[in-house]
Amino acid sequence: MRIIFKSSIGTSIILMILGFLLIFQSEATIATISYIAGAILIAAGVFALIRFVKNSKEAITTLSLDILYGIVTVILGVIVIMNPHAIASILPIVLGIAIIINSASKLQYAFVLRNDNNNLWKATMTIAIISTICGVVLLFNPFAGAVLIMKIVGIFILSYSVLDIVSTAIIKKNVDEFKSGIDSSNIGEAEIVEEDKKGDTHKKKKKK
């Protein structure tokens, strides 16, 4: 469970840094993301072509898929590198979907807290709803202009990352309190059992 919480906070911190970069260094960040994405696509295409050359004895259909995938991926990678602003139209959609999925899981946990009569459910649900709205806005992307889009995306990502850290902290606090409650109840049961054992021993001594 601790690994999940650390991973969630770590992801939020990375998104927070990305948000700052998109707000204050929009063009440079767009270019960097485009170069990285293009390089990954080109590398994947080259590996596919290498696989095509090595597996020349395989079935024709497999070879055709490898060479087709390799050529298309390499071309796509070059296009992405040559047109950095193309990422500006794709990135909001990808981030919007990711934020909506993560917010949905937090919203589900808010209902669990409400069913357990935990007062933290209101804060968790509010944060989840706001995060979902951020994701929906990014998904439909009503903004015009690549640089403006990236600045707006940066603001939304920054807001979401802060909300996600707060939400994760609330959930972690609730889980820790639940665990401490279980541990204290186990200790109480152990003490009761110990007292019963002592009482039984005392009775046996009286019978003698």
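Residues numbered from 1 in each chain as written. Predicted model: local features only at pLDDT ≥ 70, side-chain atom pairs only at ≥ 80, totals over all residues. Heavy atoms only, no water.

### Re the overall build of the protein
Reasoning step 1: Along its length, the protein carries six helices and zero strands.
Reasoning step 2: Written out in order from the N terminus, the α and β elements of the protein read α-α-α-α-α-α.
Reasoning step 3: Put simply, the protein has 208 residues, and 30% of those count as buried.
Reasoning step 4: Long-range pairs, those at least 24 residues apart, make up 77% of the contacts in the protein between residues at least 6 apart in sequence.
Reasoning step 5: Counting only carbon and sulfur atoms, one obtains 70% of the accessible surface of the protein, whose full area is about 13,300 Å². (Helix = DSSP H or I, 4+ residues; strand = E, 2+ residues; numbered from the N terminus. Buried < 20%, exposed > 50% of the residue type's maximum accessible area, 1.4 Å probe, protein only. Contact = heavy atoms within 4.5 Å. Areas by Shrake-Rupley, 256 points an atom, 1.4 Å probe, with all protein chains shown as cover.)

### As for helix α5 (residues 121-140)
Reasoning step 1: With 20 residues, α5 ought to run about 28 Å at 1.5 Å a step, and its terminal C-alpha atoms sit 28 Å apart, in line with that.
Reasoning step 2: Within α5, the full set of buried residues consists of Thr124, Met125, Ile127, Ala128, Ser131, Cys134, Gly135 and Leu138. (Expected span 1.5 Å × (residues − 1).)

### What about the confidence of the model for the protein?
Reasoning step 1: With 72% of its residues at a pLDDT of at least 70, the protein reaches an overall mean of 75.
Reasoning step 2: The model gives residues 201-208 a pLDDT under 50, and that stretch makes zero contacts with residues more than four places away or in other chains. (pLDDT = per-residue confidence, 0-100.)

### Notes on the packing of helix α4 (residues 86-115) against α5
Reasoning step 1: The interhelical angle for the contact between α4 and α5, taken along N-to-C directions, is 160 degrees, at an axis separation of 8 Å. Taken together, α4 and α5 sit at an angle that is classed as roughly antiparallel. In this structure, the crossing between α4 and α5 has a hand that is left-handed.
Reasoning step 2: Tallied by class, residues from the contact of α4 with α5 come to 17 nonpolar, six polar and two charged. (Axes fitted to C-alpha atoms, helices over the stretch in contact; angles between N-to-C directions. Parallel < 35°, antiparallel > 145°, perpendicular 65-115°, else oblique. Left-handed = near helix turned anticlockwise from the far one by under 90°. Nonpolar A, V, L, I, M, F, W, Y, C, P; charged D, E, K, R; others polar.)

### Observations concerning the nonpolar core
Reasoning step 1: Ranked by internal contacts, the top residues of the largest apolar core, which has 19 residues, are Leu15, Leu22, Leu95, Leu138, Met150, Val153 and Ile157.
Reasoning step 2: If you list the elements that add at least two residues to this core, you get α1 (2-24), α4, α5 and α6 (146-207). (Core = buried A, V, L, I, M, F, W, Y, C linked by side-chain atoms within 4.5 Å.)

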